[in-house]
Amino acid sequence: MRLREVPVRQQSIVLIGFMGVGKTTIGTLVAQKLYRSFVDIDEEIEKEFGMPTTDIFKVHGETVFREHEKKLIQFYCEQKLKIISIGGGAFMQPEVREACLANCTVFYLDVSWEQWKERLDILIDSRPILQNRDLDEIEKLFYERQGAYSLNHSTLSVNDQSPEQIADHIVESLKLAWDIYEPQ
Ligand SMILES: Nc1ncnc2c1ncn2[C@@H]1O[C@H](COP(=O)(O)OP(=O)(O)OP(=O)(O)O)[C@@H](O)[C@H]1O
Ligand SMILES: O=C(O)C1=C[C@@H](O)[C@@H](O)[C@H](O)C1
Ligand SMILES: [Mg+2]
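The name given to the protein chain in an unreviewed UniProt entry is Shikimate kinase, with Sporosarcina soli as the source organism. Quoted straight from UniProt, the Subcellular location (unreviewed entry) entry for the protein chain says "Cytoplasm". Word for word, the UniProt comment on the protein chain under Catalytic activity (unreviewed entry) is "shikimate + ATP = 3-phosphoshikimate + ADP + H(+)".

Turning next to the pairing of strand β4 (residues 105-110). Summarising burial for β4: five of the six residues are buried, a large majority. Relative to β4, strand β1 (residues 13-16) runs parallel, the two being bridged by four bridges. Paired with L15 across the bridge in β4 is F107. As judged from the four bridges shared by β4 and strand β5 (residues 154-157), these two strands associate in the parallel manner. Note on β5: the bridge partner recorded for Y108 is T155.

As a further point, take the site of ligand 1. Taken together, 18 residues form the shell around ligand 1, and within it G20, K23, T24, T25 and R127 come nearest. G22 places a main-chain nitrogen or oxygen 3.0 Å from an oxygen atom of ligand 1. For ligand 1, a nitrogen atom lies 3.4 Å from a polar atom in the side chain of R119. Of all the secondary-structure elements, those providing two or more residues to the shell around ligand 1 are α1 (23-34), α7 (120-123) and α10 (163-181). For the shell around ligand 1, the element with the highest residue contribution is α1, accounting for three residues. Its residues assigned to classes, the shell around ligand 1 shows seven nonpolar, seven polar and four charged.

Bringing the packing of helix α4 (residues 62-77) against helix α5 (residues 94-103) into the picture now. Following both chains from N to C, one finds α4 and α5 inclined at 10 degrees, their axes separated by 9 Å at the closest point. When the axes of α4 and α5 are compared, the pair comes out roughly parallel. Between α4 and α5, the contacting residues are K70, I73, Q74 and C77 on the first element and E95, V96, A99, C100 and N103 on the second. Each residue belonging to the contact of α4 with α5 can be placed in one class, and the counts come to five nonpolar, two polar and two charged.

The sheet built from five strands is open, its strands ordered β2-β3-β1-β4-β5 with parallel pairing. Each edge of the open sheet is held by one strand with a lone partner, namely β2 (37-40) and β5. On average, adjacent strands in this sheet sit at an angle of 20 degrees to one another, irrespective of strand direction. When β1 meets strand β3 (residues 82-85), the two strands line up parallel, connected through three bridges. Residue pairing in the sheet places V14 in a bridge with I84 of β3.

Analysis parameters
Residues numbered from 1 in each chain as written. Chains lettered and ligands numbered in written order. Predicted model: local features only at pLDDT ≥ 70, side-chain atom pairs only at ≥ 80, totals over all residues. Heavy atoms only, no water. UniProt positions renumbered as here; feature names shortened; annotations may be inferred. Buried < 20%, exposed > 50% of the residue type's maximum accessible area, 1.4 Å probe, protein only. Helix = DSSP H or I, 4+ residues; strand = E, 2+ residues; numbered from the N terminus. Pairing = 2+ DSSP bridges. Near = heavy atom within 4 Å. Polar contact = N/O pair within 3.5 Å; in protein donor to acceptor, adjacent residues only side chain to side chain. Nonpolar A, V, L, I, M, F, W, Y, C, P; charged D, E, K, R; others polar. Axes fitted to C-alpha atoms, helices over the stretch in contact; angles between N-to-C directions. Parallel < 35°, antiparallel > 145°, perpendicular 65-115°, else oblique. Contact = heavy atoms within 4.5 Å.

Next comes the structure, spelled out in structure tokens:
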């Protein structure tokens, strides 16, 4: 069932953006602030396979990971009242974009390359996509993905802001939109 008819206040919220931008961290906070349940698609895949993402890539390969990622996102996007954080590469799949944009409110968390670079050390071990790539290759990937991320309902710059500030901003902007589109 398509949820286009679902009242906007009940639609699930999807956070997209490059790996490490803060989707999991901020999604958890937004869920707490809106009393909703939080779903992290990477964590759901890891639960299914019983191993971390890096091992899923090694043992089963990226294609298998992407197939599970797509199925899980299609499933959760059709549910109401969730806050959903999807993996950094998920939005490259057209079916994922379609499922998210048709059923949910999609927020793009946008970070500059300069600020993202500062996080590389804390991300490198847990993100298989970063392994075996030098900094120039990662920068190329960062800019290549911007086109897909630009398909969203709301873009939010996360530069120089704490996760708490960003989560507050998302909640405020949602409440404003809800009052405009569905006045109580
Ligand atoms: N606004 C922020 N300022 C500083 N550090 C942040 C901010 N947001 C997230 N971080 C830190 O960046 C790291 C990555 O964050 P997180 O895991 O939430 O990213 P993600 O977008 O979910 O990544 P992925 O796409 O790989 O799942 C964490 O260590 C987190 O604490
Ligand atoms: O950017 C990516 O392609 C990825 C990001 C992570 O969230 C995981 O989904 C996985 O490591 C792949
Ligand atoms: Mg995450």
